[in-house]
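A structural walkthrough
Residues per chain, in single letters:
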Amino acid sequence: MTEKFQYKVFKSKPSFVVVRCVHTSCSWRVRAKKLVESEYWMVTKYEKKHTCPTDFKPVRRRQATSWVVGECVKRKLINPGRVYRPRDVMDDMKRKFGVDISYSVAWRGRECAYDNLRLGTPEQSYKLLPGYLHMLKATNPVCHDANQQIFPLAFGVGDSENDASWSWFLGRVKSVFGVNPALVIVSDRHRSINNAVQEVFPQAFHGICMYHLLNNLKTKFRNKTKELEQHYIRTAKTYNLQDFHVLFYTLCSAVPGVKEYLEAVGLDRWTRSHAPSRRYNIMTTNISESLNVVLVKVRELPITAFVNEIRLLCQKWFHERRTKAAGCTTMMSKDIETKLEERKDRAQAMGVSFSMSLYSNQVI
(Lines give C-alpha, C1' and ligand atoms only; values in the text may rest on other atoms or scores of the structure.)
Protein backbone atom coordinates (compact mmCIF):
# COMPACT_ATOMS: atom_id res chain seq x y z
CA MET A 1 0.00 0.00 0.00
CA THR A 2 2.82 2.40 0.77
CA GLU A 3 4.21 2.02 -2.75
CA LYS A 4 0.72 2.60 -4.18
CA PHE A 5 0.42 -0.36 -6.53
CA GLN A 6 -1.77 -3.40 -6.91
CA TYR A 7 -0.73 -7.02 -7.30
CA LYS A 8 -2.36 -10.25 -8.39
CA VAL A 9 -1.66 -13.91 -7.76
CA PHE A 10 -0.14 -15.20 -10.98
CA LYS A 11 0.31 -18.84 -9.90
CA SER A 12 -0.77 -20.61 -6.75
CA LYS A 13 -0.27 -24.21 -5.69
CA PRO A 14 -0.02 -25.91 -2.27
CA SER A 15 3.78 -25.86 -2.52
CA PHE A 16 4.48 -22.47 -4.14
CA VAL A 17 2.97 -19.10 -5.10
CA VAL A 18 3.90 -16.35 -7.58
CA VAL A 19 2.61 -12.78 -7.15
CA ARG A 20 3.02 -10.10 -9.82
CA CYS A 21 2.11 -6.44 -10.32
CA VAL A 22 -1.22 -6.07 -12.17
CA HIS A 23 0.39 -4.06 -14.92
CA THR A 24 1.52 -6.50 -17.60
CA SER A 25 4.77 -4.65 -18.40
CA CYS A 26 5.90 -4.26 -14.78
CA SER A 27 8.81 -6.41 -13.61
CA TRP A 28 7.84 -6.49 -9.89
CA ARG A 29 7.17 -10.03 -8.66
CA VAL A 30 7.59 -12.33 -5.67
CA ARG A 31 7.98 -16.10 -5.71
CA ALA A 32 7.81 -18.20 -2.52
CA LYS A 33 7.77 -21.91 -1.72
CA LYS A 34 6.54 -23.84 1.28
CA LEU A 35 9.21 -25.49 3.39
CA VAL A 36 9.02 -29.27 3.72
CA GLU A 37 7.23 -30.49 6.87
CA SER A 38 6.68 -26.93 8.04
CA GLU A 39 4.02 -24.22 8.00
CA TYR A 40 6.61 -21.60 7.00
CA TRP A 41 7.25 -20.25 3.50
CA MET A 42 10.51 -19.03 2.03
CA VAL A 43 10.86 -16.27 -0.57
CA THR A 44 12.97 -17.64 -3.43
CA LYS A 45 12.77 -14.71 -5.83
CA TYR A 46 12.01 -11.02 -5.36
CA GLU A 47 12.06 -8.34 -8.05
CA LYS A 48 11.80 -5.18 -5.98
CA LYS A 49 11.66 -2.44 -8.60
CA HIS A 50 8.40 -1.37 -10.23
CA THR A 51 8.47 -0.41 -13.87
CA CYS A 52 4.77 0.36 -14.30
CA PRO A 53 3.68 3.93 -15.19
CA THR A 54 3.07 6.33 -12.31
CA ASP A 55 -0.45 7.18 -13.51
CA PHE A 56 -1.33 3.49 -13.28
CA LYS A 57 -1.21 3.52 -9.45
CA PRO A 58 -4.82 4.06 -8.31
CA VAL A 59 -5.81 5.65 -5.01
CA ARG A 60 -8.27 2.91 -4.03
CA ARG A 61 -6.67 -0.52 -3.90
CA ARG A 62 -8.23 -3.93 -3.45
CA GLN A 63 -5.25 -5.06 -1.33
CA ALA A 64 -6.52 -2.83 1.49
CA THR A 65 -8.71 -5.60 2.88
CA SER A 66 -10.32 -5.45 6.30
CA TRP A 67 -7.66 -7.83 7.70
CA VAL A 68 -4.83 -5.66 6.33
CA VAL A 69 -6.49 -2.51 7.64
CA GLY A 70 -6.85 -4.18 11.04
CA GLU A 71 -3.16 -5.03 11.15
CA CYS A 72 -2.29 -1.44 10.25
CA VAL A 73 -4.38 0.19 12.97
CA LYS A 74 -4.36 -2.34 15.83
CA ARG A 75 -1.75 -0.39 17.81
CA LYS A 76 -4.30 2.40 18.06
CA LEU A 77 -6.58 0.08 20.05
CA ILE A 78 -4.15 -1.18 22.70
CA ASN A 79 -5.78 1.12 25.27
CA PRO A 80 -9.22 -0.49 25.93
CA GLY A 81 -10.71 2.87 26.87
CA ARG A 82 -9.89 4.62 23.61
CA VAL A 83 -12.73 5.64 21.31
CA TYR A 84 -11.65 4.79 17.76
CA ARG A 85 -14.38 5.20 15.16
CA PRO A 86 -14.43 3.85 11.60
CA ARG A 87 -14.07 7.42 10.38
CA ASP A 88 -10.83 7.65 12.38
CA VAL A 89 -9.64 4.46 10.68
CA MET A 90 -10.37 5.95 7.27
CA ASP A 91 -8.48 9.14 8.14
CA ASP A 92 -5.45 7.23 9.46
CA MET A 93 -5.25 4.98 6.41
CA LYS A 94 -5.39 8.00 4.14
CA ARG A 95 -2.79 9.95 6.12
CA LYS A 96 -0.30 7.10 6.64
CA PHE A 97 -0.67 5.07 3.45
CA GLY A 98 -2.46 7.40 1.06
CA VAL A 99 -5.26 4.84 0.75
CA ASP A 100 -8.96 5.60 0.44
CA ILE A 101 -11.13 2.89 2.01
CA SER A 102 -14.87 2.66 2.44
CA TYR A 103 -16.66 3.01 5.76
CA SER A 104 -17.57 -0.69 5.76
CA VAL A 105 -13.94 -1.74 5.22
CA ALA A 106 -12.86 0.59 8.02
CA TRP A 107 -15.47 -0.87 10.38
CA ARG A 108 -14.55 -4.48 9.55
CA GLY A 109 -10.86 -3.63 9.84
CA ARG A 110 -11.38 -2.17 13.30
CA GLU A 111 -13.28 -5.32 14.36
CA CYS A 112 -10.47 -7.51 13.04
CA ALA A 113 -8.00 -5.48 15.12
CA TYR A 114 -10.22 -5.85 18.20
CA ASP A 115 -10.40 -9.63 17.73
CA ASN A 116 -6.64 -9.79 17.31
CA LEU A 117 -5.87 -7.74 20.42
CA ARG A 118 -8.55 -9.42 22.52
CA LEU A 119 -7.33 -12.91 21.68
CA GLY A 120 -10.29 -13.66 19.43
CA THR A 121 -14.04 -13.56 19.83
CA PRO A 122 -15.69 -14.11 23.24
CA GLU A 123 -16.30 -17.76 22.35
CA GLN A 124 -12.70 -18.31 21.26
CA SER A 125 -11.45 -16.44 24.34
CA TYR A 126 -13.27 -18.83 26.70
CA LYS A 127 -11.61 -21.77 24.95
CA LEU A 128 -8.20 -20.18 25.55
CA LEU A 129 -8.84 -19.48 29.23
CA PRO A 130 -8.01 -22.91 30.78
CA GLY A 131 -4.65 -23.04 29.05
CA TYR A 132 -3.90 -19.45 29.97
CA LEU A 133 -4.68 -20.06 33.64
CA HIS A 134 -2.63 -23.25 33.63
CA MET A 135 0.38 -21.27 32.46
CA LEU A 136 -0.32 -18.36 34.78
CA LYS A 137 -0.72 -20.59 37.86
CA ALA A 138 -2.40 -17.78 39.75
CA THR A 139 -5.79 -16.28 40.51
CA ASN A 140 -5.23 -12.81 41.80
CA PRO A 141 -9.73 -10.81 47.54
CA VAL A 142 -7.55 -7.72 48.01
CA CYS A 143 -5.83 -6.15 50.98
CA HIS A 144 -3.20 -3.49 51.77
CA ASP A 145 0.54 -3.95 51.66
CA ALA A 146 2.95 -2.50 54.22
CA ASN A 147 2.76 0.90 52.53
CA GLN A 148 -1.06 1.01 52.62
CA GLN A 149 -1.33 0.30 48.87
CA ILE A 150 -3.72 -2.14 47.24
CA PHE A 151 -2.27 -5.65 47.21
CA PRO A 152 -4.46 -8.01 45.14
CA LEU A 153 -4.61 -11.60 46.35
CA ALA A 154 -7.30 -13.09 44.14
CA PHE A 155 -9.68 -12.18 41.33
CA GLY A 156 -12.81 -14.07 40.32
CA VAL A 157 -15.07 -13.81 37.27
CA GLY A 158 -18.69 -14.87 37.80
CA ASP A 159 -21.87 -14.76 35.79
CA SER A 160 -23.58 -12.61 38.45
CA GLU A 161 -23.56 -11.88 42.17
CA ASN A 162 -25.34 -14.98 43.45
CA ASP A 163 -24.79 -17.64 46.13
CA ALA A 164 -23.14 -20.07 43.73
CA SER A 165 -20.64 -17.52 42.34
CA TRP A 166 -19.57 -16.21 45.74
CA SER A 167 -19.33 -19.69 47.28
CA TRP A 168 -17.18 -20.82 44.35
CA PHE A 169 -14.89 -17.80 44.62
CA LEU A 170 -14.42 -17.98 48.38
CA GLY A 171 -13.94 -21.74 48.07
CA ARG A 172 -11.04 -21.19 45.68
CA VAL A 173 -9.58 -18.57 48.01
CA LYS A 174 -9.80 -21.05 50.89
CA SER A 175 -8.13 -23.79 48.86
CA VAL A 176 -5.12 -21.52 48.20
CA PHE A 177 -4.75 -19.57 51.46
CA GLY A 178 -6.29 -22.01 53.93
CA VAL A 179 -8.02 -20.99 57.16
CA ASN A 180 -6.55 -18.26 59.36
CA PRO A 181 -8.12 -17.77 62.82
CA ALA A 182 -7.47 -14.02 62.55
CA LEU A 183 -9.16 -13.71 59.15
CA VAL A 184 -11.39 -10.64 58.71
CA ILE A 185 -13.62 -10.16 55.67
CA VAL A 186 -15.10 -6.73 54.90
CA SER A 187 -17.79 -6.38 52.25
CA ASP A 188 -21.08 -4.70 51.48
CA ARG A 189 -24.36 -6.22 52.73
CA HIS A 190 -25.10 -8.32 49.66
CA ARG A 191 -27.01 -11.39 50.84
CA SER A 192 -25.04 -13.80 48.64
CA ILE A 193 -21.72 -12.61 50.11
CA ASN A 194 -23.07 -13.13 53.63
CA ASN A 195 -24.33 -16.63 52.76
CA ALA A 196 -21.03 -17.59 51.14
CA VAL A 197 -18.93 -16.34 54.06
CA GLN A 198 -21.06 -18.33 56.52
CA GLU A 199 -20.68 -21.43 54.34
CA VAL A 200 -16.97 -21.25 53.46
CA PHE A 201 -15.43 -19.21 56.32
CA PRO A 202 -17.83 -19.68 59.25
CA GLN A 203 -15.05 -18.94 61.77
CA ALA A 204 -14.05 -15.61 60.15
CA PHE A 205 -15.25 -12.23 61.37
CA HIS A 206 -17.41 -10.66 58.65
CA GLY A 207 -17.49 -6.86 58.91
CA ILE A 208 -19.62 -4.44 56.92
CA CYS A 209 -18.35 -1.49 54.88
CA MET A 210 -19.41 1.54 56.91
CA TYR A 211 -20.11 3.61 53.79
CA HIS A 212 -22.40 0.99 52.27
CA LEU A 213 -24.28 0.87 55.57
CA LEU A 214 -24.42 4.68 55.62
CA ASN A 215 -26.07 4.64 52.20
CA ASN A 216 -28.62 2.13 53.50
CA LEU A 217 -29.32 4.44 56.44
CA LYS A 218 -29.78 7.45 54.13
CA THR A 219 -32.31 5.46 52.13
CA LYS A 220 -34.27 4.42 55.22
CA PHE A 221 -34.02 7.72 57.11
CA ARG A 222 -34.31 10.13 54.18
CA ASN A 223 -35.12 13.17 56.28
CA LYS A 224 -32.08 12.76 58.54
CA THR A 225 -29.23 12.65 56.01
CA LYS A 226 -27.39 15.61 57.52
CA GLU A 227 -27.55 14.19 61.04
CA LEU A 228 -26.37 10.77 59.86
CA GLU A 229 -23.35 12.22 58.08
CA GLN A 230 -22.53 14.33 61.12
CA HIS A 231 -22.60 11.55 63.76
CA TYR A 232 -22.47 8.11 62.11
CA ILE A 233 -18.87 8.08 60.77
CA ARG A 234 -17.38 9.20 64.10
CA THR A 235 -19.40 6.56 65.91
CA ALA A 236 -18.22 3.82 63.56
CA LYS A 237 -14.54 4.78 63.60
CA THR A 238 -13.89 5.41 67.28
CA TYR A 239 -11.68 2.85 69.03
CA ASN A 240 -12.78 3.51 72.59
CA LEU A 241 -15.94 1.90 74.00
CA GLN A 242 -16.57 4.83 76.32
CA ASP A 243 -16.39 7.27 73.43
CA PHE A 244 -18.63 4.98 71.39
CA HIS A 245 -21.43 5.07 73.97
CA VAL A 246 -21.37 8.86 74.02
CA LEU A 247 -21.31 9.16 70.20
CA PHE A 248 -23.90 6.43 69.69
CA TYR A 249 -26.29 8.12 72.16
CA THR A 250 -25.89 11.39 70.27
CA LEU A 251 -26.55 9.64 66.94
CA CYS A 252 -29.65 7.85 68.22
CA SER A 253 -31.02 11.05 69.74
CA ALA A 254 -30.59 12.89 66.43
CA VAL A 255 -32.10 10.09 64.29
CA PRO A 256 -35.10 8.36 65.94
CA GLY A 257 -35.33 4.69 64.99
CA VAL A 258 -31.69 4.31 63.98
CA LYS A 259 -30.75 2.59 67.26
CA GLU A 260 -32.97 -0.42 66.61
CA TYR A 261 -31.81 -0.61 62.99
CA LEU A 262 -28.09 -0.57 63.77
CA GLU A 263 -28.41 -2.98 66.68
CA ALA A 264 -30.27 -5.41 64.40
CA VAL A 265 -27.37 -5.19 61.92
CA GLY A 266 -24.95 -5.91 64.77
CA LEU A 267 -22.75 -3.34 66.46
CA ASP A 268 -19.70 -5.57 66.00
CA ARG A 269 -20.12 -5.59 62.22
CA TRP A 270 -19.89 -1.84 61.57
CA THR A 271 -18.00 -0.34 64.52
CA ARG A 272 -14.31 -0.46 65.24
CA SER A 273 -14.85 -0.46 69.01
CA HIS A 274 -17.00 -3.63 69.04
CA ALA A 275 -15.14 -5.65 66.40
CA PRO A 276 -14.09 -9.01 67.95
CA SER A 277 -11.13 -9.31 65.58
CA ARG A 278 -8.42 -6.91 64.48
CA ARG A 279 -10.05 -4.83 61.81
CA TYR A 280 -7.36 -2.12 62.02
CA ASN A 281 -8.26 0.74 59.69
CA ILE A 282 -10.17 -1.34 57.13
CA MET A 283 -13.63 0.15 57.62
CA THR A 284 -14.69 0.26 53.97
CA THR A 285 -14.48 -1.65 50.69
CA ASN A 286 -12.71 1.27 49.02
CA ILE A 287 -9.84 -0.94 47.85
CA SER A 288 -12.14 -3.18 45.81
CA GLU A 289 -14.08 -0.15 44.54
CA SER A 290 -10.78 1.37 43.42
CA LEU A 291 -10.02 -1.74 41.40
CA ASN A 292 -13.48 -1.60 39.84
CA VAL A 293 -12.72 1.93 38.62
CA VAL A 294 -9.36 0.87 37.17
CA LEU A 295 -10.93 -2.12 35.39
CA VAL A 296 -14.15 -0.48 34.23
CA LYS A 297 -13.06 -0.39 30.56
CA VAL A 298 -11.25 -3.73 30.36
CA ARG A 299 -14.33 -5.55 31.70
CA GLU A 300 -15.73 -5.18 28.18
CA LEU A 301 -12.96 -7.44 26.81
CA PRO A 302 -13.36 -11.18 26.21
CA ILE A 303 -12.49 -13.26 29.25
CA THR A 304 -8.88 -14.25 28.47
CA ALA A 305 -7.91 -10.74 27.38
CA PHE A 306 -9.61 -9.39 30.52
CA VAL A 307 -7.64 -11.71 32.80
CA ASN A 308 -4.45 -10.81 30.94
CA GLU A 309 -5.10 -7.09 31.52
CA ILE A 310 -5.42 -7.80 35.25
CA ARG A 311 -2.11 -9.67 35.18
CA LEU A 312 -0.40 -6.79 33.40
CA LEU A 313 -1.81 -4.28 35.88
CA CYS A 314 -0.62 -6.29 38.89
CA GLN A 315 2.75 -6.92 37.29
CA LYS A 316 3.19 -3.17 36.72
CA TRP A 317 2.24 -2.36 40.33
CA PHE A 318 4.53 -4.99 41.82
CA HIS A 319 7.48 -3.95 39.69
CA GLU A 320 7.10 -0.27 40.67
CA ARG A 321 6.76 -1.15 44.37
CA ARG A 322 9.71 -3.53 44.34
CA THR A 323 11.83 -0.79 42.80
CA LYS A 324 10.76 1.71 45.49
CA ALA A 325 11.24 -0.85 48.28
CA ALA A 326 14.79 -1.54 47.11
CA GLY A 327 15.62 2.11 47.77
CA CYS A 328 13.97 2.26 51.20
CA THR A 329 16.44 3.08 53.98
CA THR A 330 14.05 3.02 56.96
CA MET A 331 12.74 0.09 59.00
CA MET A 332 9.12 0.87 58.14
CA SER A 333 7.59 1.67 54.77
CA LYS A 334 7.51 5.30 53.68
CA ASP A 335 3.80 5.76 54.38
CA ILE A 336 4.02 4.30 57.88
CA GLU A 337 7.17 6.29 58.72
CA THR A 338 5.36 9.50 57.74
CA LYS A 339 2.38 8.64 59.93
CA LEU A 340 4.61 7.74 62.89
CA GLU A 341 6.45 11.04 62.60
CA GLU A 342 3.17 12.98 62.57
CA ARG A 343 1.84 11.11 65.60
CA LYS A 344 5.11 11.44 67.48
CA ASP A 345 4.87 15.22 67.16
CA ARG A 346 1.31 15.17 68.55
CA ALA A 347 2.25 12.71 71.31
CA GLN A 348 4.96 15.00 72.63
CA ALA A 349 2.27 17.49 73.61
CA MET A 350 0.34 14.87 75.60
CA GLY A 351 0.76 13.68 79.17
CA VAL A 352 -0.34 10.80 81.36
CA SER A 353 -2.69 12.06 84.05
CA PHE A 354 -3.22 8.95 86.15
CA SER A 355 -3.27 5.17 86.05
CA MET A 356 -6.72 3.74 85.28
CA SER A 357 -5.69 0.14 85.99
CA LEU A 358 -2.67 -2.08 86.09
CA TYR A 359 -2.51 -2.20 82.27
CA SER A 360 -3.96 1.14 81.14
CA ASN A 361 -3.39 4.86 81.66
CA GLN A 362 -5.36 7.94 80.72
CA VAL A 363 -3.57 10.07 78.15
CA ILE A 364 -4.60 13.71 77.72
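Residues numbered from 1 in each chain as written. Predicted model: local features only at pLDDT ≥ 70, side-chain atom pairs only at ≥ 80, totals over all residues. Heavy atoms only, no water.

**Quick word on unusual backbone geometry**
Here E37, not a glycine, exhibits a phi torsion of approximately 55°, which is positive. Relative to the helices and strands, E37 is located in the loop between strand 3 (29-34) and strand 4 (41-47). Phi angles above zero are rare outside glycine, and Y280 is one such case at about 55°. For Y280, the position within the fold is in the loop between helix 11 (267-270) and helix 12 (286-294). (Helix = DSSP H or I, 4+ residues; strand = E, 2+ residues; numbered from the N terminus.)

**Some details on the pairing of strand 7 (residues 184-187)**
The two faces of strand 7 differ: I185 and S187 on one face are buried, but V184 and V186 on the other face are not. By the bridge criterion, four bridges tie strand 7 to strand 8 (residues 205-208) in an arrangement that is parallel. Each residue of the ladder has a partner; that of V186, found in strand 8, is G207. Chirality of the crossover, the property in question, places the unit of strand 7, helix 6 (residues 191-200) and strand 8 among those that are right-handed. (Buried < 20%, exposed > 50% of the residue type's maximum accessible area, 1.4 Å probe, protein only. Pairing = 2+ DSSP bridges. Right-handed = clockwise from strand over helix to strand, strands pointing away.)

**Brief notes about the side chain of D92**
For D92, the location among the structural elements is in helix 2 (residues 86-97). Assessed through its relative accessible area of 11%, D92 is described here as buried. Here D92 is in contact with K76, Y84 and F97, once residues within four sequence places are set aside. (Contact = heavy atoms within 4.5 Å.)

**Topic: a nonpolar patch on the surface**
Side chains of L35, Y40 and M42 sit close together on the surface and give an oily, nonpolar patch of about 320 Å² of accessible area. Mapped onto the elements of the fold, M42 is located in strand 4. Of the residues examined, M42 reaches a relative accessible area of 37% and is grouped as partly exposed. (Patch = residues over 30% accessible without salt bridge, like charges linked within 9 Å, V, L, I, M, F, W, Y side chains within 5 Å. Areas by Shrake-Rupley, 256 points an atom, 1.4 Å probe, with all protein chains shown as cover. Salt bridge = Lys/Arg side-chain N within 4 Å of Asp/Glu carboxyl O.)

**Some details on the packing of aromatic side chains**
Here the structure, examined in full by the defined rule, presents seven aromatic pairs. Taken together, a centroid distance of 5.1 Å and an interplanar angle of 15° make the contact between F244 and F248 stacked. One end of the pair, F244, and the other, F248, are both in helix 9 (residues 241-254), four residues apart, so they sit about a helical turn from each other. Relative accessible area serves as the criterion here: at 7%, F248 is assigned to the buried category. By way of ring pairs, the aromatic residues Y232, F244, F248 and W270 are connected into one cluster. The lysine or arginine in question, K220, covers the ring of F221, its NZ or CZ lying 6.0 Å from the ring centre. (Phe/Tyr/Trp six-rings, centres within 6.5 Å; stacked < 30°, edge-to-face > 60°. Lys NZ or Arg CZ within 6 Å of the ring centre and 35° of its normal.)

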